[in-house]
Amino acid sequence: MLAKETVCEHVFFGPNTEEDTKAYFQPIIDLTAESLSNRQLPEQHVFIIRNKNMIKGNCAIISIPFSQGNYHIGYNIDEPYWRKGYGDITCKFLINYGFNILNARRLTGECMGSNVGSRKIM
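Trainee: Any chance you could explain the pattern of salt bridges here in plain terms?
Mentor: Should their charged atoms come close, side chains of opposite charge can pair. Using the criterion set out here, one finds three salt bridges in the structure. Among the salt bridges present, the one from Lys4 reaches Asp78, with a minimum N-O distance of 2.8 Å. Taken as a pair, Lys4 in the segment before helix 1 (5-8) and Asp78 in the loop between strand 3 (70-77) and helix 3 (86-101) lie far apart in primary sequence, 74 residues in all. Among the salt bridges present, the one from Glu18 reaches Lys22, with a minimum N-O distance of 3.2 Å. Taken together, the residues span about one helical turn, with Glu18 and Lys22 both in helix 2 (residues 18-37) at a distance of four residues. The exposure classification of Glu18 matches that of Lys22, with both residues exposed.

Trainee: Can you help me understand helix 2 in this one?
Mentor: Residues separated by three or four positions in an α-helix point in the same direction, a consequence of the helix having 3.6 residues per turn. Here helix 2 spans 27 Å end to end across 20 residues, near enough to the 28 Å set by a 1.5 Å rise per residue. The sharpest bend along helix 2 comes to roughly 30°, located at Phe25, with the proline Pro27 sitting one to four residues further on. Along helix 2, the positions that sit buried rather than exposed are Ile28, Thr32 and Ser35. In this structure, the buried residues of helix 2 make contact with strand 1 (44-51). Just downstream of helix 2 lies Arg39, where phi reads positive at about 60°.

Trainee: I tried to follow unusual backbone geometry on my own but got confused; where do I start?
Mentor: Both trends apply: most residues other than glycine have a negative phi, and most peptide bonds are in trans. Phi angles above zero are rare outside glycine, and Arg39 is one such case at about 60°. Tracing the backbone shows Arg39 in the loop between helix 2 and strand 1. For Arg39, a relative accessible area of 82% corresponds to the exposed category.

Trainee: Any chance you could explain the sheet that holds strand 3 here in plain terms?
Mentor: Sheets are built from strands paired through backbone hydrogen bonds, the pairs being either parallel or antiparallel. Read from one edge to the other, the open sheet built from four strands follows the order 1-2-3-4, with strand pairing classed as mixed. Both outer strands of the open sheet, strand 1 and strand 4 (106-108), are each paired with one neighbouring strand and no more. Each strand axis lies, on average, 25° off the axis of its neighbour in the sheet, ignoring direction. Relative to strand 2 (residues 54-63), strand 1 runs antiparallel, the two being bridged by eight bridges. Looking at the pairing, Val46 lines up with Ala60 of strand 2. Contacting strand 1, strand 2, strand 3 and strand 4, helix 3 crosses the sheet at an angle of about 160° to strand 3.

Rules used in this analysis
- Residues numbered from 1 in each chain as written.
- Predicted model: local features only at pLDDT ≥ 70, side-chain atom pairs only at ≥ 80, totals over all residues.
- Heavy atoms only, no water.
- Salt bridge = Lys/Arg side-chain N within 4 Å of Asp/Glu carboxyl O.
- Helix = DSSP H or I, 4+ residues; strand = E, 2+ residues; numbered from the N terminus.
- Buried < 20%, exposed > 50% of the residue type's maximum accessible area, 1.4 Å probe, protein only.
- Expected span 1.5 Å × (residues − 1).
- Bend = angle between axes of the 7 residues up to and from the residue.
- Contact = heavy atoms within 4.5 Å.
- Pairing = 2+ DSSP bridges.
- Axes fitted to C-alpha atoms, helices over the stretch in contact; angles between N-to-C directions.

Quick look at the structure:
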């Protein structure tokens, strides 16, 4: 998904090679596994969006440094699943998770002006 120009057109990274994607996500996966094994929530909350074991995208809620209780949310949906409600459901999930699980004070998200789908969701 992150190797596709269409998917990465409206984000600040990519398209990426599989190697680059793994290099970016592996430390996050490792830290998440370590936190969960210690019965703690991870610092970076990254999720896979899937339905019936088919990966549809990913999303994250990341704490903003030096700003306790403030988080940045983001999501990426693979092109075949655009305009099918995955972005809307994902954004609602992140808002619920942020305020009800993390007790966030503030959530922020951003999108490029050309990303009509994300503009509608936000």
